[in-house]
Amino acid sequence: MERIFERIAAIPSVTQSGATMKRFTPGFAYLSAVDIENQPTPDGSSHTVQFRRVRADYFAALRIRVLRGCVFERSDSLSTPATAVISQSFADRYWPGVDSIGRRL
């Protein structure tokens, strides 16, 4: 993948690139079960949330504004602490009125 993105970056008219492993299809969402620290469900099961796996430069390429915190780094890997970028609606739903930075899924 890195070689592909290096080749894309070498194209003179390309100013930014990014990628997601899951395309956006209207009416369809990729779901995952997660446990949200201090946010149990009534029946003790995991929460079901929508997710996308994205490349570190995805947000910049799509000009998605980051309100707080940071996005993924190219150095993030399976051997570094896991990170997540959440939407404002996710933060408002699970941590209303509380700072969501540093919370754990």
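Computed from a predicted structure; not experimentally measured.

Participant: Honestly, the pattern of salt bridges in this entry has me stumped. Any pointers?
Facilitator: All chains considered together, the criterion is met by five salt bridges. The partner of Glu2 in a salt bridge is Arg55, with the nearest N and O atoms 2.9 Å apart. Of this pair, Glu2 sits in helix H1 (residues 2–9) while Arg55 sits in the loop between strand S2 (47–50) and helix H2 (58–61); the two residues are 53 residues apart in sequence, bridging distant segments of the chain. The exposure class assigned to Glu2 is partly exposed, which follows from its relative accessible area of 35%. A salt bridge links Asp57 to Arg55, with the shortest nitrogen-to-oxygen separation between them at 3.1 Å. By the burial criterion, Asp57 is buried, and Arg55 matches it.

Participant: I tried to follow the side chain of Ser100 on my own but got confused; where do I start?
Facilitator: Note on placement: Ser100 falls in the segment after helix H3 (88–94). Judged by relative accessible area, Ser100 falls into the buried class, the value being 18%. Contacts of Ser100, omitting those with residues within four sequence positions, involve Ile86, Ala91 and Trp95.

The rules behind these values
- One numbering rule holds for all chains: residues counted from 1, following each sequence as written.
- Reporting in this predicted model follows two pLDDT cut-offs: at least 70 for local features of residues, and 80 or more for side-chain atom pairs to be given and counted; totals over whole chains, interfaces and linings ignore these cut-offs and use all residues.
- With hydrogens and water stripped out, all remaining heavy atoms of the structure feed into the side-chain values.
- Salt-bridge detection follows one rule: a side-chain nitrogen of Lys or Arg within 4 Å of a carboxyl oxygen of Asp or Glu.
- Only DSSP runs of H or I with at least four residues qualify as helices, and only runs of E with at least two residues qualify as strands; both kinds are numbered from the N terminus onward.
- Partly exposed residues are those whose accessible area sits between 20% and 50% of the maximum for their type, while under 20% is buried and over 50% is exposed, using a 1.4 Å probe and protein chains only.
- We call two residues in contact whenever any of their non-hydrogen atoms come within 4.5 Å of each other.

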